[in-house]
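Here is how the chains run, residue by residue.
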Amino acid sequence: MSELAIGVFDSGIGGLTCVKELTRLMPHEDIIYLGDTARVPYGTKSVDTIAKYAKEDIAFLERFNVKMILIACGTVSSVLMSRPLFEGSSVGAYSGVIYPTVTAACAATNNNRIGVIGTPATIRSGCYGKAIREIRSDIKVFSKACPMFVPLVENGYTDKDNQVARLIAEEYLEGMKREGVDTLILGCTHYPHLEGVISSVMGENVKLISSGAEIAKYAERVLITSSQAAGREEPGKLTLYCTDSEELFSENVETFLGHKENITISTCSVK
Ligand code: DGL
């Protein structure tokens, strides 16, 4: 057993979809979350800039002697998939969202047609398609960058009946629908907040796979099988850091997690 915290980071608030699932699955774990809200979005930046930011985010979490680091950012996970981000790191375990998410999608599809949506950087990397084909070469993958989804979420345009969100979703997802995918990977951790809109555009029969939730399930399996899960009886502590205004961040925290109780929120610098 280990009472050390789990570290999670994202470019902003999207990774809270992972935190929400982590606290549901493992309510006794301490979690330290970093949202790099001052530098979001990462999805429109160059690979070298994303690498620099990700290394600083990891170094920040390492200061807390965490037992595991989860990269709850689709962009960092995809663009830097083959970079040695954790070389020389003291952290025992780490994961990005790609492997857990594609494993779930491959298990979910019946017609072997999977769609992937994400930030422009994620889709450009082609890494979801590559990872899927490594598991199942018979699966066809259809990808689409959805750059306007992140600002929709950040500005609260998430309601299923929101006409602006619906119009944008229809425009982005038209091709996916035509290709008849039966499983759609939400390859950006912001997107689960648009689940209602996306599902109503794609149709209820299309299974949506949330990368934030899948990495949390993966973390649970790793901690249990390696006997590193927390053994305490009381609920774990949730400590959230952001690199920009704490005020703005805490409004979003309430929307994303559904509450603000027993959560410590502070601004920090990662440089
Ligand atoms: N959370 C990021 C991701 O999952 C999206 C926002 C960004 O572009 O940084 O890709």
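The paragraphs below set out a description of the structure included in this document.

Here is what the cut-offs are and how they apply
Residues numbered from 1 in each chain as written. Predicted model: local features only at pLDDT ≥ 70, side-chain atom pairs only at ≥ 80, totals over all residues. Heavy atoms only, no water. Helix = DSSP H or I, 4+ residues; strand = E, 2+ residues; numbered from the N terminus. Rg over C-alpha atoms; globule rule 2.2 N^0.38 Å. Buried < 20%, exposed > 50% of the residue type's maximum accessible area, 1.4 Å probe, protein only. Contact = heavy atoms within 4.5 Å. Lys, Arg positive; Asp, Glu negative; His and termini not counted. Charge placed at Lys NZ, Arg CZ, Asp CG, Glu CD. Salt bridge = Lys/Arg side-chain N within 4 Å of Asp/Glu carboxyl O. Core = buried A, V, L, I, M, F, W, Y, C linked by side-chain atoms within 4.5 Å. Axes fitted to C-alpha atoms, helices over the stretch in contact; angles between N-to-C directions. Parallel < 35°, antiparallel > 145°, perpendicular 65-115°, else oblique. Left-handed = near helix turned anticlockwise from the far one by under 90°. Nonpolar A, V, L, I, M, F, W, Y, C, P; charged D, E, K, R; others polar. Pairing = 2+ DSSP bridges. Disulfide = S-S within 2.5 Å.

**Side note on the overall build of the chain**
The number of helices and strands found in the chain is 11 helices and 10 strands. The C-alpha atoms of the chain give a radius of gyration of 18 Å, which matches the 18 Å a tight globule of 271 residues would have. With respect to the principal axes defined by its C-alpha atoms, the chain has extents near 50 × 40 × 40 Å. Split into buried and exposed, the 271 residues of the chain put 55% on the buried side. Across the chain, every contact between residues at least 6 apart in sequence was considered, and the portion connecting residues at least 24 apart equals 78%. A gap of 7 Å separates the mean positions of the 27 positive and 33 negative side-chain charges of the chain.

**Focus: the pattern of salt bridges**
Counted under the stated rule, the structure contains 15 salt bridges. Salt-bridge contacts for E21 lead to R24; the nearest nitrogen and oxygen are separated by 2.9 Å. Note that E21 and R24 are positioned in helix α1 (residues 16-25) at a spacing of 3 residues, about one turn of the helix. We classify E21 as buried; its relative accessible area is 12%. Taking the shortest distance from any N to any O, the salt bridge between D138 and R136 comes out at 2.9 Å. Overlapping salt bridges bring together D36, R39, K52, E56 and D57 as one network.

**Focus: the nonpolar core**
Among the nonpolar cores identified, the biggest contains 69 residues, and V8, L22, I117, F149 and L173 are the most heavily contacted of them. Other than its neighbours up to four places away in sequence, L173 contacts I117, L184, I198, V201 and M202. Counting residues in each nonpolar core, the second largest holds 26 residues, with Y42, A51, L61 and C73 among its members.

**Details of the packing of helix α8 (residues 163-178) against helix α9 (residues 195-202)**
Taken N-terminus to C-terminus, the directions of α8 and α9 make an angle of 45°; their axes are 9 Å apart at the nearest point. It follows that α8 is oblique to α9 by the angle criterion. As α8 runs across α9, the sense of the crossing is right-handed. Contacts between α8 and α9 involve A165, R166, A169, E170, L173, M176 and K177 from the first element and V197, I198, S200, V201 and M202 from the second. Classifying every residue of the contact of α8 with α9 by side-chain character gives 8 nonpolar, 1 polar and 3 charged.

**Examining unusual backbone geometry**
Going from V40 to P41, the amide bond is cis rather than trans, its omega being 5°. Locating P41 in the fold gives a position in the loop between β2 (31-35) and α2 (47-62). Its identity is not glycine, yet S227 carries a phi of approximately 55°, on the positive side. Looking at the secondary structure, you find S227 in the loop between α10 (211-225) and β9 (238-242).

**What to know about the sheet that holds strand β1 (residues 6-10)**
Read from one edge of the open sheet, 6 strands run β4-β3-β1-β2-β9-β10, paired in parallel fashion. Strands with a single pairing partner mark the edges of an open sheet, and in this sheet they are β4 (93-95) and β10 (263-267). Averaged over all adjacent pairs, the angle separating strand axes in this sheet is 15°, with direction ignored.

**A word on the state of the cysteines**
By the definition in use, this model includes 0 disulfides. C188 carries a free sulfur, and the closest cysteine sulfur to it, the one in C73, is 7.2 Å from it. Look at C188 and you get buried, because its relative accessible area is 6%. No disulfide involves C268; its sulfur sits 6.9 Å from that of C242, the nearest cysteine.

**Structural notes on the packing of α1 against helix α11 (residues 246-257)**
Here α1 crosses α11 at 50°, and the two axes come no closer than 9 Å. In terms of their interaxial angle, α1 and α11 are classed as oblique. Considering the relative orientation of α1 and α11, their crossing is right-handed. In this structure, α1 contributes L16, V19 and K20 to the contact, and α11 contributes V253, F256 and L257. The residue makeup of the contact of α1 with α11, split by class, is 5 nonpolar, no polar and 1 charged.

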